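# Geometric and topological summary
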Amino acid sequence: MACLSVYQEGLREAERHKWIESEKRGWDVGSVALGQWYDRYWPHYCRGKCLEHLTGRQHWTEFGDDDFGLIPRLLVENDLLLDRILDRVLRGYENLDVICWSLEWGLPIDPVMSILHQLNINRARLEPAPARI
């Protein structure tokens, strides 16, 4: 499997957005559209790519070799709890949101914290490369 770069693929997406916006308006909107894409979509894009990496669907260089395919390995240990946590992460929950949810439902906090620590979804908070905006 080819190892891709979130930054390179993100730039392609931003350029695609620029092309679409330019076509809509009938003129080249330039770097404004690139900045709009990064402002609107970059955090969600990075989180999605991080989850692709963790599930083993696509290897992304920014997220490291050791965690590639981590989720299938975790499923063996905590399949139902991990599944519920992943549901929330996919909907955009942050770690604190997941912790509050688990406390509201009376779930044991130690396994929740262990899963959150291993997933380390905050790794997806990549800053856009300054030269690309």
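Predicted model, so just to flag it, every value in this text is computed and none were measured.

With that settled, consider the overall build of the chain. Helix and strand counts for the chain stand at 5 helices and 2 strands. Each helix and strand of the chain, ordered N terminal to C terminal, gives the series β-α-α-β-α-α-α. Each of the 133 residues in the chain was classed as buried or not, and the buried ones make up 41%. Accessible area of the chain: about 8000 Å², with a carbon and sulfur share of 53%.

On to the packing of aromatic side chains, then. Within this structure, the stated rule accounts for 7 aromatic pairs. A ring pair is formed by Trp37 and Tyr41, whose centres lie 6.3 Å apart and whose planes are at 45°; its orientation type is tilted. Of this pair, Trp37 and Tyr41 both sit in helix H2 (residues 31-55), separated by 4 residues, roughly a single helical turn. Take Trp37: its relative accessible area is 5%, and that puts it in the buried class. What makes Tyr41 partly exposed here is its relative accessible area of 39%. Where Trp42 meets Tyr45, the ring centres are 6.1 Å apart and the plane angle is 25°; that geometry is what we call stacked. Residue Trp42 and its partner Tyr45 are both found in helix H2; the two are separated by 3 residues, about one turn of the helix. The pair formed by Trp42 and Tyr45 is uniform in burial state, with each residue classed as buried.

A rise of 1.5 Å per residue sets the reference length of H2, with its 25 residues, at 36 Å; its end C-alpha atoms lie 33 Å apart and thus fit the reference within 8%. Along H2, the largest kink reaches about 60° and is centred on Tyr41; proline Pro43 follows within four residues of it. One or two positions beyond H2, positive phi appears at Gly56, with a value near 90°.

The rules behind these values
Residues numbered from 1 in each chain as written. Predicted model: local features only at pLDDT ≥ 70, side-chain atom pairs only at ≥ 80, totals over all residues. Heavy atoms only, no water. Helix = DSSP H or I, 4+ residues; strand = E, 2+ residues; numbered from the N terminus. Buried < 20%, exposed > 50% of the residue type's maximum accessible area, 1.4 Å probe, protein only. Areas by Shrake-Rupley, 256 points an atom, 1.4 Å probe, with all protein chains shown as cover. Phe/Tyr/Trp six-rings, centres within 6.5 Å; stacked < 30°, edge-to-face > 60°. Expected span 1.5 Å × (residues − 1). Bend = angle between axes of the 7 residues up to and from the residue.

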